[in-house]
Amino acid sequence: MRSLALILSLSAGALAFAPVAIAQTGQGYATQVNVTIGPLLASKARSFGPRELDYLTVELRRTVVRAVSHSSAPPQRVDLVIEDAQPNRPTFEQLGRTIGLSLQSVGLGGAQVSGTVVGPDGAPRLLRYQYYENDLTQEIGATTWSDAERVFDKVASQIRNGRISVAYRGLGPSPRGGEFGYPIDSH
């Protein structure tokens, strides 16, 4: 049964862009996992490139589905919103737009996720988690979305363990966070 959840979450066909995934646990429970993009992150789509928002959505959903499939007391439903994300390295779109950027360019990344987790008892619990790196020396070896993926892993771990919390780590997003190179004129 656990392998069914992994196969569903990794299938590149139908579920790669679906807004909902179903996690099947070893105990026979099914958990609905919904992931959407918040307005702040949606406003950065043009800077990051549309494929990056798809990647973040699929990655968070896949991480949560995998965690729920290993939970001893899986929730009934998980609704998450990726409120914001900042890349550690320039995205493909940013690399193509700005001369002088490379995959060696580095920045402080992070993400902010909020949502509701309906526990096995049917009680909804608010989840909010944010982490933004504040030390550039910690970014050696980082990929484009390393710190955002760190947030996704932490959120999934909280859901798996049933220890849902509100936690803010790091200084928070900067007003123009994640814009490598020249910003795109919004007019």
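Thresholds applied
- Residues numbered from 1 in each chain as written.
- Predicted model: local features only at pLDDT ≥ 70, side-chain atom pairs only at ≥ 80, totals over all residues.
- Heavy atoms only, no water.
- Salt bridge = Lys/Arg side-chain N within 4 Å of Asp/Glu carboxyl O.
- Helix = DSSP H or I, 4+ residues; strand = E, 2+ residues; numbered from the N terminus.
- Buried < 20%, exposed > 50% of the residue type's maximum accessible area, 1.4 Å probe, protein only.
- Core = buried A, V, L, I, M, F, W, Y, C linked by side-chain atoms within 4.5 Å.
- Contact = heavy atoms within 4.5 Å.
- Patch = residues over 30% accessible without salt bridge, like charges linked within 9 Å, V, L, I, M, F, W, Y side chains within 5 Å.
- Areas by Shrake-Rupley, 256 points an atom, 1.4 Å probe, with all protein chains shown as cover.
- pLDDT = per-residue confidence, 0-100.
- Expected span 1.5 Å × (residues − 1).

## What about the pattern of salt bridges?
This structure, assessed with the given rule, holds five salt bridges. Of the charged contacts in the structure, one is a salt bridge between K44 and D84, with a shortest N-O distance of 2.7 Å. With K44 in the loop between α2 (39-42) and α3 (45-48) and D84 in strand β3 (residues 77-86), this residue pair connects regions lying 40 residues apart in the sequence. Owing to a relative accessible area of 9%, K44 belongs among the buried residues under this scheme. The partner of R51 in a salt bridge is E52, and the shortest N-O contact between them spans 3.7 Å. By relative accessible area, which is 53% here, R51 ends up exposed.

## Here we look at the nonpolar core
Grouped together as the largest cluster of nonpolar side chains are 31 residues, with contacts concentrated most on L56, V64, L80 and I159. Those elements that provide at least two residues to this core are β2 (30-37), α3, α4 (50-69), β3, β4 (110-118), β5 (124-132) and α6 (146-161). No other element matches the seven residues that α4 contributes to this core. Not counting the four nearest positions on each side in its chain, L80 is found in contact with N34, V35, T36, L60, V64, V113, S114, G115, L127, V155 and I159.

## As for a nonpolar patch on the surface
A contiguous nonpolar surface patch, about 220 Å² in accessible area, is contributed by V106, L108 and L136. Considering the arrangement of structural elements, one finds L136 in the loop between β5 and α6.

## Here we look at the confidence of the model for the protein
On average, residues of the protein carry a pLDDT of 81, and 75% of them reach 70 or more. β3 holds the highest mean pLDDT among the elements of the protein, 96, whereas helix α1 (residues 2-10) holds the lowest, 38. Throughout residues 1-17 the model reports pLDDT below 50, and contacts reaching past four residues in sequence, or to other chains, amount to 25 contacts. In this model residues 182-187 is a low-confidence stretch, pLDDT under 50, and it forms eight contacts with partners more than four residues away in sequence or in other chains.

## A closer look at the environment of L126
Mapped onto the elements, L126 comes out in strand β5. Here L126 is in contact with G115, I164 and S165, once residues within four sequence places are set aside.

## Let's talk about α4
For α4, spanning 20 residues, the distance from its first C-alpha to its last is 29 Å, which sits close to the expected 28 Å at 1.5 Å a residue. Across the 20 residues that make up α4, a large majority, 14, are buried.

## Focus on the side chain of T57
Mapped onto the elements of the fold, T57 is located in helix α4. Not counting residues within four places of it along the chain, the set of residues in contact with T57 comprises V35, I37 and I82.

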